[in-house]
Amino acid sequence: MLGVPGQVQELPEPAPTAAAAAAQLGCDVGAIANSLIFAADGEPLLVLTSGAHRVDTKRVAALLGIRRMKRADPEFVRSATGQLVGGVAPVGHPSMIRTVVDAWLGKHEVVWAGGGDEHTMFPTSLDELMRITDGIVAEVGD
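Owing to the predicted nature of the structure, the values given are computational and were not obtained by experimental measurement. (Residues numbered from 1 in each chain as written. Predicted model: local features only at pLDDT ≥ 70, side-chain atom pairs only at ≥ 80, totals over all residues. Heavy atoms only, no water.)

Peer 1: So what exactly am I meant to see when it comes to the pairing of strand E5 (residues 98–102) here?
Peer 2: In regular strands, side chains alternate between the two faces of the sheet. Along E5, four of the five residues are buried, which leaves the element largely enclosed by surrounding structure. For strand E3 (residues 43–50) and E5, the ladder comprises four bridges, and the chain directions are parallel. Following the sheet pairing, Leu-48 is matched in E5 by Val-101. Pairing between E5 and strand E8 (residues 136–138): three bridges, direction parallel. Of the residues in E8, the one forming a bridge with Val-101 is Val-137. (Buried < 20%, exposed > 50% of the residue type's maximum accessible area, 1.4 Å probe, protein only. Helix = DSSP H or I, 4+ residues; strand = E, 2+ residues; numbered from the N terminus. Pairing = 2+ DSSP bridges.)

This is the structure we're talking about:
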């Protein structure tokens, strides 16, 4: 998948949250890359944020020149990604989505990202996430 060497791992239990994923993977919650979809001036925006904090929407909106930014509802997420909330992967969407990658993910040698459903994750890194999403890195947390 896009030249990513890490193997997708199937988790024994659903992991719809960063804490649930970290507990099953035996890693720090900050090493989980939450794939969050926002409606940014009506267009999808993917923010890959560390599970250690929440996205500061005002900060991200100011950084990108967005007038109105809010968490997308499940229907918007499914339409934009083809995936369900709780298991969104950073890739594999019907079309490219503008992406911001949390700089905090660089604190971890191995970062775990969603594999497309709430049962799968794959190991990656900040640099690899930026490459495969064509994203920009920024401080996104509150």
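Peer 1: It is not clear to me how the nonpolar core should be interpreted in this structure. Could you clarify?
Peer 2: If you look at soluble globular proteins, the nonpolar side chains tend to sit buried side by side. One finds Ala-33, Ile-37, Val-101, Leu-105 and Leu-129 to be the most contacted residues of the largest nonpolar core, which totals 18 residues. A per-element tally of this core places helix H4 (residues 126–133) first, with three residues. Each residue touching Leu-105, except ones within four places of it in the same chain, is listed here: Gly-30, Ile-32, Ala-33, Leu-48, Thr-49, Ser-50, Val-111, Leu-126 and Leu-129. With 14 residues, the next largest nonpolar core counts Leu-36, Val-60, Ala-138 and Val-140 among its residues. (Core = buried A, V, L, I, M, F, W, Y, C linked by side-chain atoms within 4.5 Å. Contact = heavy atoms within 4.5 Å.)

Coordinates in, geometry out; function isn't part of it.
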